[in-house]
Protein chains: 2
Amino acid sequence: MTKEERHAGRLTAAARRAQLIEVGRAVFAKHGYEATTVEEIAERARISKPIVYEHFGGKEGLYAVIVDREVEHIVGRIVDAVIAGSPRERLEQAVLAFLSYAKDRPDGFAMLLRDAPLTKRRGEMPAVMHDLADRVGGVFTEQFRKAGYDAKTAPIYAHALVGMVAFVGQWWTESRKPPSPETVASHVAALAWMGLRHLPRRPTLLARKDRRP
Amino acid sequence: MTKEERHAGRLTAAARRAQLIEVGRAVFAKHGYEATTVEEIAERARISKPIVYEHFGGKEGLYAVIVDREVEHIVGRIVDAVIAGSPRERLEQAVLAFLSYAKDRPDGFAMLLRDAPLTKRRGEMPAVMHDLADRVGGVFTEQFRKAGYDAKTAPIYAHALVGMVAFVGQWWTESRKPPSPETVASHVAALAWMGLRHLPRRPTLLARKDRRP
DNA sequence: ACAGTAACCTTCGCTTGCGTAAGTTACGAC
DNA sequence: GTCGTAACTTACGCAAGCGAAGGTTACTGT
C-alpha cells in the first residue's frame, strides 16, 4: 500500500496536476467555463482552492491546459487513423476515430464543442472545431484542384464534413440506446463520400425565385 | 414627433419589452448566458436594472423569451421555404433559408448554437439545434421506409444534415469575404442530396481492423 | 532525532453581479 | 389644476467566487 492511497492524502506535484486536469475536465464539461467554480474543482479533488492556483495560476490557466491536451489528443487519434488505406477507408477511419474519441472522453469532447475563453479575449473566433475544419480544408483544396473542381469551394465541404461529424457525435453520445460507433461512422462516412463523389462540377441554385407573391 | 422619440425617454411597456428583447439578444449572443450581466443590458437600453426585472422577472426570464422567439422565427422561415417544389428544391430552399437566417440575425443564430440555461436545470440536453434535427428526422424516417432503407438509421442522416448546415453557417457568418448565401446553399445542398441519393442500402465499415500491431 | 522542504490548509479582502425596497418623475383623465 | 397611474430611478442587501497572505503538517535525507 503506497503512501498516496492510505487516505487519498498528499500527492506529488505531478500526480496532483494530473488529477486536477482530470477533475477539471469533468467540471468544465458539465457547467461550461463561466459557470464553473474553482471551488468545485478543489472540492472534488479533495483539496483546497490555493492548490489549484499554485499549479495552474488560476481558472483560465487550468482551462487552457486541459483544452490544449484534448486538442492534441484528438488530433493524434485522427492522424493515426489516416496513415494508410484507400481514400475512402481513410475517411471512414477518421470519422470512426472522431466518434470513438467522443465516446471514450465525453468530457473532453463536450469542452471542444464549446468556445474557449480565449474567444472573448482575442475578439474573433478560432474555436477549436473550426481550426480542425481548416486543416481538413487544406487537404480538400488540393484534391479539388487535382480533380478539376473549383478549389475555392473546398472550405465549404470541409466545414460541412466536420460539422456533420461533430454534430452527429454530440447527438450520439447523448442518446440512450446508441448504435455502435462503427455503424454510425459507416453511415456518416458513406453520406460524405457519396456526396463528394457525385458532386456536380459547379452546383448552382435550382432557380425558384418565385417565393410567394 | 411622438413623445417616445423626443429624448429617447419613457416608452410604453410594450415598446420597452421589444427593445429589451433586441438589446438582450445582442448581449447574450456576444458573451453567452453566464457571462452576460443584467447591468450591461440595462445600460445599453439606457435604463436602470429594475426595469428588466419588472418586465421579465430576471435574467433567465428574458433569456427564455428571446430564445423562444428565435426558434419560432427560424422554424417559420424554414417551413415557408419547403411549402412547394421538388424534393431537391425543397432541400435547397431549406438550407438557403437557414443560411439567410444566420446572416440576417447573426445574434439570434449565435444564441441557438449555444446551449440554453435550461440545460443545467433538467440535467439532460434538449439543445435547440438537436430538436430541429429531430424534426428533420421525422421526415427522413418516413422517406427511408418508403424507399426501403433501414428507418432506424434516419436520425443519423438527419443530425448529419443539420450539423453540416449549422456548422457551415457558423463558419460562413464569421468569415470575412464570404460567398453569397446562394452559393453556399447550393454546394451544401448538393453534397447532402448527392450523398443521400447514392447511399448504399446498408453501409458497413470497410473492414480494416488491422490497426497498427 | 532533527532540520529542511514540498504539499497543503484556514482565513481573509475584495469585486461582481443578482435581485429588491422605497422613492421620484412624467403624463393622461376629468 | 390635481389625482392616479405607469414608467423609471437611486440605493441597498446579500451571496458567490476569484485570488492571495500567512501559517501548518508530513515526508525525506542525514
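For the structure, check the block above.
Residues numbered from 1 in each chain as written. Chains lettered and ligands numbered in written order. Predicted model: local features only at pLDDT ≥ 70, side-chain atom pairs only at ≥ 80, totals over all residues. Heavy atoms only, no water.

(A) Geometry of the relation of the copies chain A and chain B. In the superposition of chain A on chain B (RMSD 0.1 Å, axial shift 0.0 Å), the rotation amounts to 180°. Here the transformation between the copies is reduced to the relation of a two-fold axis. Residues of chain A ranked by C-alpha distance from the rotation axis are headed by G195 of chain A, positioned 1.7 Å from it. When the interface residues of chain A are mapped onto chain B, 100% of them again fall at the interface, so both copies present the same face. (Least-squares fit on C-alpha atoms with pLDDT ≥ 70 in both. Contact = heavy atoms within 4.5 Å.)

(B) The protein's contact with DNA strand D, seen in detail. Around DNA strand D sit 21 residues in total, of which K49 of chain A together with L11, A13, R16 and S48 of chain B are the nearest. Protein-adjacent atoms of DNA strand D, using a 4 Å cutoff, are sugar or phosphate at a proportion of 57%. A distance of 3.3 Å separates a phosphate oxygen of DNA strand D from a polar side-chain atom of Y53 of chain A. If you list the elements that add at least two residues to the surface near DNA strand D, you get helix 3 (49–56) of chain A together with helix 1 (13–31) and helix 3 (49–56) of chain B. Residues that form the surface near DNA strand D fall into these classes: eight nonpolar, five polar and eight charged. (Near = heavy atom within 4 Å. Polar contact = N/O pair within 3.5 Å; in protein donor to acceptor, adjacent residues only side chain to side chain. Helix = DSSP H or I, 4+ residues; strand = E, 2+ residues; numbered from the N terminus. Nonpolar A, V, L, I, M, F, W, Y, C, P; charged D, E, K, R; others polar.)

(C) Up close: the packing of aromatic side chains. Residues and elements named next belong to chain A. In this structure the tally under the stated criterion is 16 aromatic pairs over all chains. Ring geometry for F98 and F109: centres 5.7 Å apart, planes at 85°, overall edge-to-face. Here the residue F98 occupies a position in helix 5 (residues 87–104), and F109 occupies one in helix 6 (residues 106–113), the gap between them amounting to eleven residues. With respect to burial, F98 and F109 carry one shared label: buried. Ring geometry for F144 versus Y149: centroids 5.9 Å apart, planes at 55°, classification tilted. An aromatic cluster is present here, built from F140, F144, Y149 and Y157 joined pairwise through their rings. Sitting over the ring of Y33, K59 keeps its end group 4.8 Å from the ring centre. Here R201 stacks its cationic end above the ring of Y149, 4.8 Å away from the centre of that ring. (Phe/Tyr/Trp six-rings, centres within 6.5 Å; stacked < 30°, edge-to-face > 60°. Buried < 20%, exposed > 50% of the residue type's maximum accessible area, 1.4 Å probe, protein only. Lys NZ or Arg CZ within 6 Å of the ring centre and 35° of its normal.)

(D) Here's a closer look at the interface of chain A and chain B. Taken together, the contacts link 52 residues of chain A with 52 residues of chain B. Taking both partners together, chain A and chain B bury about 5000 Å²; carbon and sulfur atoms supply 69% of that area. At the junction of chain A and chain B, the tally comes to zero salt bridges. Where the side of chain A that touches chain B is concerned, the elements lending two or more residues are helix 4 (59–81), helix 5, helix 8 (128–147), helix 9 (154–174) and helix 10 (181–197) of chain A. Residue contributions to the side of chain A that touches chain B peak at 13 residues, all from helix 9 of chain A. By residue class, the composition of the side of chain A that touches chain B is 29 nonpolar, eleven polar and twelve charged. (Buried area = accessible area lost by both parts, 1.4 Å probe. Salt bridge = Lys/Arg side-chain N within 4 Å of Asp/Glu carboxyl O.)

(E) A look at the pattern of salt bridges. All names here are of chain B. One pass over the structure, following the stated rule, counts ten salt bridges over all chains. E70 is the partner of R25 in a salt bridge, and the nearest nitrogen-oxygen pair spans 3.0 Å. On the criterion of sequence distance, the pair formed by R25 in helix 1 and E70 in helix 4 (residues 59–81) is long-range, its members being 45 residues apart. In this structure E70 comes out as buried when scored by relative accessible area, which is 0%.

(F) The arrangement of the protein's contact with DNA strand C in detail. Of all residues adjacent to DNA strand C, which total 22 residues, the nearest are L11, A13, R16 and S48 of chain A together with K49 of chain B. Here DNA strand C approaches the protein such that, of its atoms within 4 Å, sugar and phosphate make up 57%. With respect to DNA strand C, the side chain of R10 of chain B contributes an N or O atom lying 2.9 Å from a base oxygen. A distance of 2.6 Å separates a base oxygen of DNA strand C from a polar side-chain atom of K49 of chain B. For the surface near DNA strand C, the elements supplying multiple residues, two or more each, are helix 1 (13–31) and helix 3 of chain A together with helix 2 (38–44) and helix 3 of chain B. When grouped by side-chain class, the residues that make up the surface near DNA strand C number eight nonpolar, five polar and nine charged.

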